[in-house]
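# Close look at the chain arrangement
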Amino acid sequence: DQQVKQNSPSLSVQEGRISILNCDYTNSMFDYFLWYKKYPAEGPTFLISISSIKDKNEDGRFTVFLNKSAKHLSLHIVPSQPGDSAVYFCAASLFQGAQKLVFGQGTRLTINP
Amino acid sequence: DAMVIQNPRYQVTQFGKPVTLSCSQTLNHNVMYWYQQKSSQAPKLLFHYYDKDFNNEADTPDNFQSRRPNTSFCFLDIRSPGLGDAAMYLCATSRGGQGLAYTFGSGTRLTVV
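This structure is a prediction, so every number in the text was calculated from the model and none was measured.

This part covers the nonpolar core. Residues and elements named next belong to chain A. Among the nonpolar cores identified, the biggest contains 24 residues, and Phe33, Trp35, Leu73, Leu75 and Tyr88 are the most heavily contacted of them. Counting residues per element, the ones that place at least two in this core are β3 (19–25), β4 (32–38), β5 (45–51), β7 (62–67), β8 (72–77), β9 (86–96) and β11 (107–112). Here the element with the most residues in this core is β9; it accounts for five residues.

Spelled out as structure tokens, the structure:
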């Protein structure tokens, strides 16, 4: 019963091009969605988030799009840089007294020079 | 720098021998979480503390327990580790409000021999 799914385990993109990472969810009660980036031997670091009442949020090279009817969100990175190579986790938030994040399995992004 | 610190980074324990993982934070966050991440899987929430209130996830095995003696520290105790408990254990903190990102530690990789 996986509520948050990232169906692509890996993605390879050429430097300077657009990287698009996808995430699907099943629970319509999620109120926020977040993307985390993880380098080897480090903990995940927060990248960008979006409220369920919005459909787009942008921060520099990173844009997150939310399609509530399709229960789908995506992270766009433009232009992609070698330092973007990492594992990206999609997470969805449920507020039950405290915020609880449900994570996807992650997508390993490799940016090729 | 305010941060979340997990000790040790790598822990090897014997099958059935109790083990304790440690997490400390200098962020003064109300909520501390423990996640278990097995290879290529999504991080899975085990439990969290909101201040002194302990909240266990329904499917967290009884073998896993936690202590939070003060705001700064939180411990994960595995009473009788099995081979299936080998994983990365991630500690995270948040202020507890809606939509706020977690801050993660670097994790402890547990090996059971």
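Our focus in this paragraph is the state of the cysteines. Residues and elements named next belong to chain A. For the structure on display, the rule yields two disulfides over all chains. Between the sulfur atoms of Cys23 and its disulfide mate Cys90 the distance is 2.0 Å. Linking Cys23 and Cys90, the disulfide has an S-S dihedral of approximately -70 degrees and is accordingly described as left-handed. Of the two residues, Cys23 sits in strand β3 while Cys90 sits in strand β9, which places them 67 residues apart along the sequence.

All names here are of chain B. Judged by pairing direction, the sheet is antiparallel, and its four strands sit side by side in the order β1-β3-β8-β7 without closing on themselves. Because the sheet does not close on itself, it has two edges, and the strands there are β1 (4–7) and β7 (64–67). Taking the axes of each pair of neighbouring strands and ignoring which way they run, one obtains an average angle of 20 degrees across the sheet. Here six bridges tie strand β3 (residues 19–25) to strand β8 (residues 73–78), and the two strands are oriented antiparallel to one another. The residue of β8 that forms the bridge with Thr20 is Asp77.

All names here are of chain A. Strand order in the open sheet made by the five strands is β1-β3-β8-β7-β6, with antiparallel pairing throughout. The strands lining the two open edges of the sheet, one partner per strand, are β1 (4–5) and β6 (56–59). Across six bridges, the pairing between β7 and β8 is antiparallel. Looking at the pairing, Leu66 lines up with Leu73 of β8.

Procedures and definitions
Residues numbered from 1 in each chain as written. Chains lettered and ligands numbered in written order. Predicted model: local features only at pLDDT ≥ 70, side-chain atom pairs only at ≥ 80, totals over all residues. Heavy atoms only, no water. Core = buried A, V, L, I, M, F, W, Y, C linked by side-chain atoms within 4.5 Å. Buried < 20%, exposed > 50% of the residue type's maximum accessible area, 1.4 Å probe, protein only. Helix = DSSP H or I, 4+ residues; strand = E, 2+ residues; numbered from the N terminus. Disulfide = S-S within 2.5 Å. Pairing = 2+ DSSP bridges. Axes fitted to C-alpha atoms, helices over the stretch in contact; angles between N-to-C directions.

Honestly, that's just the spatial picture; any functional story needs more than this.
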